[in-house]
Amino acid sequence: MAKHAAVDFEQLLSGQATDFPEIQILNETGEVVNPDLMPDLEDDQLVALMRQMVWSRVLDQRATALNRQGRLGFYAPTAGEEASQLASAFAMKKTDWLLGGYRDVPQLIQHGLPLAKAFLWSRGHVVGNEYPADLHALPPQIIIGAQYVQTAGVALGLKKNGSDEVAWTYTGDGGTSQGDFYEGVNFAGAFKAPAILVVQNNGFAISVPRAKQTAAETLAQKAVAMGIPGIQVDGMDALAVYEVMKEARAFTAAGNGPVLIETLTYRYGPHTLSGDDPTRYRSKETDELWQKRDPLIRMRQFLTSKGLWDKEQEDALIDQTKAEIKAAINEADQAPKQTVSRFLKDTYEVAPQNVKAQLAAYEAKEAK
Ligand SMILES: Cc1ncc(C[n+]2csc(CCOP(=O)(O)OP(=O)(O)O)c2C)c(N)n1
């Protein structure tokens, strides 16, 4: 008689991804495919959300041009990710704490970072990291995964203080391979910290396709290893992203612990503007497929069909945004030139001897 296998590996694998269906409300043509999930948003809120997404698209175009003119420095393009970025942030409160990554600048500006400061951050100017006191956010994190462990700590701090605020963070598909990703999610789970952990899966980590990060069928299912809920959502659908985020916020704020959300999205541009060329690692067909899924197209159609949006409105917003960007870049130009003494003063509250000596030397040099 054949020995019965103790483990059915095929069965184990096939069952894994079934609890992570992609949540969608608006399809590619802007039709409501899941009316039951429709978020409770007033007409003016729907328009405000669309305005933020259009604003972000214009910002991306202008930032790209400004980088090419040498008027901005580091820039990670955001076009294509508007629903993932802005609709998720739209569900959060002004007092909630945002710890984003290097691509998550649009959310940060909507959360309260003055645009001129965002530009100074891109240029590498210290004033770009001096935040208004009421801005509950950290500067964009460059070390992938670090924002996840820090978010767990911020969320635990909020919980210990009895605050009703929550912390939220973003990383990319590539970021889910980091040790810090797992540690952050695990810690937040173990301490039931009020955190929302977003993974923006745009298909690529620089040139590396998502399939090379992990054999896991979804990134949302990684939540299982940490014992917390994981959700996969259509990241090109602003309504779905908003609704899932809003429900996650309510869940975590009620003391139930963190939530992991995977948004399925795409970046139309290169990884950054520092030399990445997407034609070397992805096809025109893939680009075109995702162009059809553009979050602006479906939201525009949805709002137009409700009589809430038209071309005139959009054109006026585009002009207004361009003017706002122009004013902000000019304002950034006015920032004082950075000095070594300023950096030395920022290093310690009470400087040690070696820093004191360097400070004196640089102050003398700068006074010349
Ligand atoms: C800890 C760490 N390792 C490597 C890098 C270099 N790096 C910068 S961006 C990037 C790819 C990240 O891809 P993903 O997480 O998918 O986010 P995306 O840029 O697509 O938004 C890498 C490896 C880094 N910044 N930090």
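Preceding this section is the structure that the text describes.
Nothing here was measured: the structure is a model prediction, and the numbers come from that model.

Chemist: Is there a simple way to explain helix H5 (residues 115-123) in this structure?
Modeler: For an α-helix the count is 3.6 residues per turn, leaving residues at separations of three or four pointing the same way. Counting buried residues in H5 gives eight out of nine residues, a clear majority hidden from the surface. Listing the buried residues of H5 in full gives Leu-115, Ala-116, Lys-117, Ala-118, Phe-119, Leu-120, Trp-121 and Ser-122. Close packing links the buried residues of H5 with helix H2 (43-68), helix H4 (105-111), strand E3 (137-141) and helix H11 (311-333). The first or second residue beyond H5 is Gly-124, which carries a positive phi of 90 degrees.

Chemist: I tried to follow the side chain of Thr-169 on my own but got confused; where do I start?
Modeler: Note on placement: Thr-169 falls in strand E4 (residues 167-172). One polar contact links the side chain of Thr-169 to the main-chain carbonyl oxygen of Leu-99, over a distance of 2.6 Å. Filtering out sequence-adjacent residues up to four positions away, Thr-169 remains in contact with Leu-99, Gln-147, Tyr-148, Thr-151, Ile-196, Leu-197 and Val-198.

Chemist: Please explain the packing of aromatic side chains as it appears in this structure.
Modeler: What characterises a pair of aromatic rings is the spacing of the ring centres plus the angle enclosed by the ring planes. A complete count under the given rule lists nine aromatic pairs for this structure. Look at Phe-74 and Tyr-102: their rings are 6.3 Å apart centre to centre, the planes differ by 85 degrees, and that puts the pair in the edge-to-face class. Linking Phe-74 in the loop between H2 and helix H3 (82-90) with Tyr-102 in the loop between strand E2 (97-101) and H4, this pair joins segments that are 28 residues apart in sequence. Aromatic side chains Phe-74 and Trp-121 sit 5.9 Å apart centroid to centroid with 90 degrees between the ring planes, which places their arrangement in the edge-to-face category. Of this pair, Phe-74 sits in the loop between H2 and H3 while Trp-121 sits in helix H5, and the two are 47 residues apart along the sequence. The exposure class assigned to Phe-74 is partly exposed, which follows from its relative accessible area of 28%. Taken together through their ring pairs, the aromatic side chains of Phe-74, Tyr-102 and Trp-121 make up a single cluster. Taking the ring centre of Trp-290 as reference, the NZ or CZ of Arg-293 above it sits at 4.5 Å.

Chemist: Would you mind showing me how to read the sheet that holds strand E9 (residues 259-264) here?
Modeler: In sheet architecture, strand pairing relies on hydrogen bonds along the backbone and comes in two forms, parallel and antiparallel. One open sheet accounts for seven strands, arranged E1-E8-E9-E5-E4-E2-E3; its pairing is parallel. Bordering the open sheet on either side are strand E1 (22-23) and E3, each of which pairs with just one other strand. Pairing between strand E5 (residues 195-201) and E9: six bridges, direction parallel. When the sheet's bridge partners are listed, Asn-201 is paired in E9 with Leu-264.

Chemist: Would you mind showing me how to read the site of the ligand here?
Modeler: Near the ligand, the surroundings consist of 15 residues, among which Tyr-102, Arg-103, Ile-142, Gly-174 and Gly-175 are the closest. Ile-142 is positioned with one of its backbone polar atoms (N or O) 2.8 Å from a nitrogen atom of the ligand. Here Asn-202 contributes a side-chain N or O atom positioned 3.0 Å from an oxygen atom of the ligand. Here the ligand, which alone exposes 590 Å², has 71% of that area covered by the protein. Its residues placed into classes, the shell around the ligand shows seven nonpolar, six polar and two charged.

Chemist: Sorry if this is basic, but what is going on with a nonpolar patch on the surface here?
Modeler: Among the surface-exposed residues, Val-7, Phe-9 and Leu-12 lie close enough to one another that they form a single nonpolar patch of about 310 Å² accessible area. Along the chain, the position of Val-7 falls in the segment before helix H1 (9-16).

Chemist: Hey, could you run me through the nonpolar core in this one?
Modeler: Among soluble globular proteins, nonpolar side chains are generally buried collectively. Judged by nonpolar contacts, the single largest core of 69 residues is most densely connected at Phe-119 and Met-299. Broken down by element, the residue count for this core peaks at 11 residues, all from H2. Aside from chain neighbours lying at most four places away, what touches Met-299 is Leu-26, Leu-46, Leu-49, Met-50, Met-53, Ala-238 and Leu-239. With 17 residues, the next largest nonpolar core counts Ala-155, Phe-181, Leu-219 and Met-226 among its residues.

Chemist: Could you clarify how one ought to interpret the environment of Asn-330 in this entry?
Modeler: Residue placement: Asn-330 occurs in helix H11. On the basis of relative accessible area, Asn-330 is assigned to the partly exposed category, the value being 35%. Considered as a pair, Asn-330 and Ala-116 are 214 residues apart in the sequence and their alpha carbons are 8.1 Å apart.

Parameters and conventions
- Residues numbered from 1 in each chain as written.
- Predicted model: local features only at pLDDT ≥ 70, side-chain atom pairs only at ≥ 80, totals over all residues.
- Heavy atoms only, no water.
- Buried < 20%, exposed > 50% of the residue type's maximum accessible area, 1.4 Å probe, protein only.
- Helix = DSSP H or I, 4+ residues; strand = E, 2+ residues; numbered from the N terminus.
- Contact = heavy atoms within 4.5 Å.
- Polar contact = N/O pair within 3.5 Å; in protein donor to acceptor, adjacent residues only side chain to side chain.
- Phe/Tyr/Trp six-rings, centres within 6.5 Å; stacked < 30°, edge-to-face > 60°.
- Lys NZ or Arg CZ within 6 Å of the ring centre and 35° of its normal.
- Pairing = 2+ DSSP bridges.
- Near = heavy atom within 4 Å.
- Areas by Shrake-Rupley, 256 points an atom, 1.4 Å probe, with all protein chains shown as cover.
- Nonpolar A, V, L, I, M, F, W, Y, C, P; charged D, E, K, R; others polar.
- Patch = residues over 30% accessible without salt bridge, like charges linked within 9 Å, V, L, I, M, F, W, Y side chains within 5 Å.
- Salt bridge = Lys/Arg side-chain N within 4 Å of Asp/Glu carboxyl O.
- Core = buried A, V, L, I, M, F, W, Y, C linked by side-chain atoms within 4.5 Å.

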